[in-house]
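A structural walkthrough
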Protein chains: 2
Amino acid sequence: MEKTEATTTIDIGESSKERKGKAPLLPNPPPPLVANGKATTGGYKKGVAIFDLILRISAVATAIGAVATMANAEETLPFFTQFFQFQASYDDLPTFTFFVVGMSFVLGYLVLSIPFSIVSIAKPLAKAPRMLLIVSDTIMLVLATSTAAASTAMVYLAHNGNPNANWLAICNQFTDFCQQSSGAVVSAFITVALLIFMIMLSAIALRRI
Amino acid sequence: MEKTEATTTIDIGESSKERKGKAPLLPNPPPPLVANGKATTGGYKKGVAIFDLILRISAVATAIGAVATMANAEETLPFFTQFFQFQASYDDLPTFTFFVVGMSFVLGYLVLSIPFSIVSIAKPLAKAPRMLLIVSDTIMLVLATSTAAASTAMVYLAHNGNPNANWLAICNQFTDFCQQSSGAVVSAFITVALLIFMIMLSAIALRRI
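Residues numbered from 1 in each chain as written. Chains lettered and ligands numbered in written order. Predicted model: local features only at pLDDT ≥ 70, side-chain atom pairs only at ≥ 80, totals over all residues. Heavy atoms only, no water.

Naming follows an unreviewed UniProt entry, where chain A appears as CASP-like protein of Lithospermum erythrorhizon. Taken directly from UniProt, the Subcellular location (unreviewed entry) text for chain A runs: "Cell membrane". Taken from UniProt, the Sequence similarities (unreviewed entry) comment for chain A reads in full: "Belongs to the Casparian strip membrane proteins (CASP) family." (UniProt positions renumbered as here; feature names shortened; annotations may be inferred.)

Given below as structure tokens:
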């Protein structure tokens, strides 16, 4: 009797040990699931970060195009009087000077932001570089948009003039200058579009999936 | 010998049962902690959402100010010839027309976005309305900035003129018109600043704390 009791208690002891062995195994599955979820989110966010870097390099290219085209936009007309030579360059219009300065600033920012974008690829779950990028991208978006829009207003005026204010169109004479400045403005607007996409990507990456 | 072995095994059996009883209790604490964390984040995000609503209503006010000032900016000079009366209104300059149309659009968007901002207050942890707001806010930021910047370029030109392009300043004659349009532009830039803050707030709210 005693021996059987002993064996039964030993059996219970073993079974409870087995249960005890199973008990820590049951709560274990969730951590790997969470880890898998994080890995999936990490992979997703890494893809977003790589796309962000590609957009950023494209934006650098379009910003260089905008600044270079506008800075080199000048035209000297083939006829001149004794006292005056007809010449147009970007610094004749203060708005175009603002364009060159503003877009150079945006260009510099975009180049400097590339390392932060690379950090986002290396550490896809880090929030700090992404927050920094979305805040500074928004400010630079405003700068890029204002230079582009102000120059668009001047390019439009140079093309069409304004009879109400007696401002005559100058593009009839300075055709090349007007074409170059228009091209620079278009390039600036492409930079603006790329910056919008970058902000949206950062917002998607910040979102918890 | 056997009896002592039996008692020891019984002791082990009981102690293992006690451990088994403790085992499910140990994994329990984490869920309440996570729930507390979520509650704190929810309260934090609710505060951000309320601040977003306040900024949005302020932006509606400044946008109304910008549109109303520009739309009512007109001036008729007290002298006139037999064939012509000197009059200036916003639709004499296409850029100012763009300003009125664009800022009206921004104003309409801001009014329509208020319900989504209220949804964010009611459900601070919902990501969908916040994502919608950050994306549409960014697009409207670009529209508001471009109208404001383009009009700034024209206001600058109206004030200072451009001797290189033979564009004369018209603000010597139309002083009231120029003051009103300048005020409208300033109001538009305040709207832009408020939109920037709203985007930053949305980014902070989307961030996991």
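Having seen it, we continue.
Turning our attention to empty space enclosed by the protein. Going through the model one piece at a time under the given rule, you end up with 1 cavity of 30 Å³ or more. Estimates place the volume of the largest cavity at around 30 Å³. Around the largest cavity, the lining residues are A:Pro94, A:Thr95, A:Met154, B:Ala153, B:Tyr156, B:Leu157, B:Gly161 and B:Asn162. At the level of elements, helix H3 (94-122) of chain A together with helix H4 (128-160) of chain B are the ones that each hand at least two residues to the lining of the largest cavity. With 3 residues, the top contributor of residues to the lining of the largest cavity is H4(B). (1 Å grid on protein atoms, 1.4 Å probe; cavity = no way out; pocket = protein on both sides within 12 Å on 5 of 7 lines; lining within 4 Å. Points joined across faces, edges and corners; volume = space filled by probe spheres on them. Helix = DSSP H or I, 4+ residues; strand = E, 2+ residues; numbered from the N terminus.)

Bringing the pattern of salt bridges into the picture now. Scanning the model with the defined rule gives 4 salt bridges over all chains in all. Here A:Asp137 makes a salt bridge to A:Arg56, at a shortest N to O gap of 3.0 Å. Of this pair, A:Asp137 sits in helix H4 (residues 128-160) while A:Arg56 sits in helix H2 (residues 30-71), and the two are 81 residues apart along the sequence. Just as A:Asp137 is buried, A:Arg56 falls in that class too. Residue B:Asp52 is joined to B:Arg56 by a salt bridge in which the shortest nitrogen-to-oxygen separation is 3.1 Å. Remark: B:Arg56 and B:Asp52 occur in helix H2 (residues 30-71); sequence separation between them is 4 residues, near one turn of the helix. Overall, B:Asp52 belongs to the buried group, its relative accessible area being 0%. Each member of the salt-bridge network shares a partner with another, and the members are A:Asp52, A:Arg56 and A:Asp137. (Salt bridge = Lys/Arg side-chain N within 4 Å of Asp/Glu carboxyl O. Buried < 20%, exposed > 50% of the residue type's maximum accessible area, 1.4 Å probe, protein only.)

Core analysis: the largest hydrophobic core is formed by 120 residues, its most contacted members being A:Leu110, A:Trp167, B:Leu110 and B:Trp167. Residue assignment for this core shows that the elements contributing at least two residues are H2, H3, H4 and helix H5 (175-206) of chain A together with H2, helix H3 (94-122), H4 and helix H5 (175-206) of chain B. Ignoring sequence-local partners within four residues, the contact set of B:Leu110 consists of B:Arg56, B:Ala59, B:Val60, B:Ala63, B:Thr191, B:Leu195 and B:Met198. (Core = buried A, V, L, I, M, F, W, Y, C linked by side-chain atoms within 4.5 Å. Contact = heavy atoms within 4.5 Å.)

The next thing to look at is H3(A). In this model, H3(A) (29 residues) spans 43 Å end to end at C-alpha, consistent with the 42 Å of a helix rising 1.5 Å per residue. Most pronounced at A:Ile114, the bend in H3(A) amounts to some 30°, and the proline A:Pro115 follows within four residues. (Expected span 1.5 Å × (residues − 1). Bend = angle between axes of the 7 residues up to and from the residue.)

Another aspect to go through is the layout of surface pockets. If you add up the space inside the largest pocket, you get close to 480 Å³. Surrounding the largest pocket, 20 residues form its lining, A:Ile170, A:Phe174, B:Asn164, B:Ala165 and B:Asn166 being those nearest its centre. Secondary-structure elements contributing two or more residues to the lining of the largest pocket are strand E1 (74-80) and strand E2 (85-89) of chain A. Considering each element in turn, the lining of the largest pocket owes the most residues, 3 residues, to E2(A). Its residues assigned to classes, the lining of the largest pocket shows 13 nonpolar, 6 polar and 1 charged. (Nonpolar A, V, L, I, M, F, W, Y, C, P; charged D, E, K, R; others polar.)

Turning next to the packing of aromatic side chains. Residue and element names in this part refer to chain A. Within the structure shown, the criterion is met by 2 aromatic pairs over all chains. Aromatic pair Phe96 and Phe177: ring centres 6.0 Å apart, planes at 55°, arrangement tilted. Here Phe96 is found in helix H3, whereas its partner Phe177 is found in helix H5, with 81 residues between them in sequence. The residues Phe96 and Phe177 share a single accessibility class, namely buried. (Phe/Tyr/Trp six-rings, centres within 6.5 Å; stacked < 30°, edge-to-face > 60°.)

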